[in-house]
Amino acid sequence: MDTNNRVLRTKFGDRLLHWTMVSCFFLVAMSGLSWFFPSLHWLGSVLGPPQLARILHPFLGVVVFALLMCMFVRFVHHNMPVRTDGIWFRHVLDVLLNRHGQKLQIGKYNAGQKILFWGIMALISALFVTGLVIWRAYFAMYFPIPVIRLALLAHSAAALALILLVLGHIYMGLWVRGSITGMITGYVSRAWARQHHDRWYAEEVAPEDTSSIKHHP
């Protein structure tokens, strides 16, 4: 991609944070699925023997929670609801069919991405709390058996819901060409920015271009 035709969308630190979290989440999700679905017991081998996997799983879960809280702090201001989100909802079918004739006034993240953001943050918080309750080595002894059973059920449900959200996130990233590249390299094309995030381009990217031109005789 021509360097003059690309826009920095995601800084290196944010990409490092994202991909570190993804790696840890993959390990936690695979080991968790291996216990929930006996036919997938082989997935637990990503963390080693079963005994070791049961020790590492909660620790990695805490790491995932901590990384997502860092991401929350970094990205929450881009994911607050705004009035123009309604335009995206009214044209959601066009978005899903990859039709982009209408200007949707989308900021750095669209309304669907915002729903995903808040859904992930809510579910990881539920997983963290319920995970502490059922963590036998450190906390489970402080709770009665009925509470532990309810926490285990809630933990499993939240985990499955989070995995489904993440799969949806991956699918949409692959569906919108250029999204994955943007999260790997940090850069997207100007055409991509104008087409998929027109308000972000107009408010943040275009003014920077104008300022840069003014400072270069």
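Calculation notes
Residues numbered from 1 in each chain as written. Predicted model: local features only at pLDDT ≥ 70, side-chain atom pairs only at ≥ 80, totals over all residues. Heavy atoms only, no water. Patch = residues over 30% accessible without salt bridge, like charges linked within 9 Å, V, L, I, M, F, W, Y side chains within 5 Å. Areas by Shrake-Rupley, 256 points an atom, 1.4 Å probe, with all protein chains shown as cover. Salt bridge = Lys/Arg side-chain N within 4 Å of Asp/Glu carboxyl O. Helix = DSSP H or I, 4+ residues; strand = E, 2+ residues; numbered from the N terminus. Buried < 20%, exposed > 50% of the residue type's maximum accessible area, 1.4 Å probe, protein only. Contact = heavy atoms within 4.5 Å. Disulfide = S-S within 2.5 Å.

Novice: How would you explain a nonpolar patch on the surface if you had to name every residue and give the values?
Specialist: Together, Leu52, Ile55, Leu56, Phe59, Tyr138, Phe139, Met141, Tyr142, Phe143 and Val147 give the surface a local cluster of nonpolar side chains, amounting to about 940 Å² of exposed area. Tallying contributions element by element places helix α2 (residues 50-75) first for the nonpolar patch, with four residues. Mapped onto the elements, Tyr138 comes out in the loop between α5 (111-133) and α6 (145-175). Given a relative accessible area of 44%, Tyr138 falls into the partly exposed group.

Novice: Residue-level account of the environment of Leu8, with values.
Specialist: Note that Leu8 resides in strand β1 (residues 6-8). The spacing of Leu8 and Leu93 is 85 residues in sequence and 28 Å in space, taken between C-alpha atoms.

Novice: Account for the side chain of His18, with residues named and values stated.
Specialist: Inspection of the secondary structure puts His18 in helix α1 (residues 12-36). Accessibility expressed as a relative area gives 13% for His18, which makes it buried. Not counting the four nearest positions on each side in its chain, His18 is found in contact with Met71, His169 and Met183.

Novice: Can you tell me about the state of the cysteines, naming the residues and giving the values?
Specialist: What is meant by a disulfide is a covalent connection between two cysteines, made through their sulfur atoms. In the structure shown here, the tally under the stated rule is zero disulfides. With no disulfide of its own, Cys24 has Cys70 as its nearest cysteine by sulfur position, at a separation of 12 Å. Residue Cys70 is classed as partly exposed on the basis of its relative accessible area of 41%.

Novice: Would you mind going over the pattern of salt bridges in detail, with residue names and values included?
Specialist: This model, assessed by the stated rule, comprises three salt bridges. Between Asp14 and Arg74 there is a salt bridge, and its shortest N-O distance comes to 2.8 Å. Here Asp14, found in helix α1, pairs with Arg74, found in helix α2; they are 60 residues apart in sequence, far enough to count as distant. In this structure Arg74 comes out as partly exposed when scored by relative accessible area, which is 38%. When the shortest N-O distance is used, the salt bridge between Glu203 and Arg199 registers 3.5 Å. You can see Glu203 and its partner Arg199 sitting in helix α9 (residues 198-214), four residues apart, about one turn around the helix. Judged by its relative accessible area of 18%, Arg199 falls in the buried class.

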